[in-house]
Amino acid sequence: MPEEYREFDAADYVQTEQDVQGLLKAAAEEDLGDGVVIRAALKYIARTQNMSALARDTELNRGNLYKALSEDGNPTLATLLKVTRALGLRLRLEPVEYPAQGMPPAKHRDLPAGMRSM
């Protein structure tokens, strides 16, 4: 008898607040800068929370919400802020930590002093 497999769905494993935090932390660390991994993580979390309620809380159309969080989506910052806030999360920016032996890329070294410590 052939084995049956089902597609992996991270939403099946996001059950606690710690799961949500772990998934988002991993997504932020692994994202290559195009937002695909972060959008996928937010989509999984949103699906565990009831997408219809999230659409209502964000005042966004449910279909548009799915599209914004899809692999091909390109949500605005305003949409991301609405989604994270409705999920009880906060979007936070912090400095990138580089390995002790490595130097940050040249484009990051020329930031004004106030920007480096934000």
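Residues numbered from 1 in each chain as written. Predicted model: local features only at pLDDT ≥ 70, side-chain atom pairs only at ≥ 80, totals over all residues. Heavy atoms only, no water.

*Asks:* For this particular structure, what's the right way to read the overall build of the protein chain?
*Replies:* The number of helices and strands found in the protein chain is 7 helices and 0 strands. Reading the protein chain from its N end, one meets helices and strands in the order α-α-α-α-α-α-α. In the protein chain, the proportion of contacts linking residues at least 24 apart, taken out of those at least 6 apart, comes to 42%. Here the protein chain has roughly 9,400 Å² of accessible surface; of this, 52% comes from carbon and sulfur atoms. (Helix = DSSP H or I, 4+ residues; strand = E, 2+ residues; numbered from the N terminus. Contact = heavy atoms within 4.5 Å. Areas by Shrake-Rupley, 256 points an atom, 1.4 Å probe, with all protein chains shown as cover.)

*Asks:* Honestly, helix α3 (residues 51-58) in this entry has me stumped. Any pointers?
*Replies:* Those residues of α3 that sit buried are Met51, Ala53, Leu54, Ala55 and Thr58. In this structure asparagine 50 caps α3, since a side-chain oxygen of it lies 3.0 Å from the backbone nitrogen of serine 52. At the exit of α3 stands glutamate 59, carrying a positive phi of roughly 60°. (Buried < 20%, exposed > 50% of the residue type's maximum accessible area, 1.4 Å probe, protein only. Polar contact = N/O pair within 3.5 Å; in protein donor to acceptor, adjacent residues only side chain to side chain.)

*Asks:* Whenever I open this one, the nonpolar core confuses me. Can you help?
*Replies:* Generally speaking, a soluble globular protein has its nonpolar side chains buried in company with each other. By size, the foremost hydrophobic cluster in this structure holds 12 residues: Val14, Val20, Leu42, Ile45, Ala46, Met51, Leu54, Ala55, Leu65, Leu69, Val83 and Leu87. Setting aside chain neighbours within four positions, we find methionine 51 in contact with Ala46, Arg62, Leu65 and Tyr66. (Core = buried A, V, L, I, M, F, W, Y, C linked by side-chain atoms within 4.5 Å.)

*Asks:* How should the environment of valine 96 be read in this particular structure?
*Replies:* Among the secondary structure elements, valine 96 is positioned in the loop between α5 (77-86) and α6 (106-109). Assessed through its relative accessible area of 58%, valine 96 is described here as exposed.

*Asks:* Quick question: what am I supposed to make of the packing of helix α1 (residues 17-30) against helix α2 (residues 36-49) here?
*Replies:* Packed helices, taken two at a time, are described by the angle between their axes plus the distance between the axes. As a packed pair, α1 and α2 sit with axes 8 Å apart at the nearest point and diverge in direction by 165°. Classified by the angle their axes make, α1 and α2 are roughly antiparallel. For the crossing formed where α1 meets α2, the hand is right-handed. Every residue of α2 that contacts α1 at Val20, Leu23, Leu24, Ala27, Ala28 and Glu30 is listed here: Val37, Ile38, Ala41, Leu42, Tyr44 and Ile45. (Axes fitted to C-alpha atoms, helices over the stretch in contact; angles between N-to-C directions. Parallel < 35°, antiparallel > 145°, perpendicular 65-115°, else oblique. Left-handed = near helix turned anticlockwise from the far one by under 90°.)

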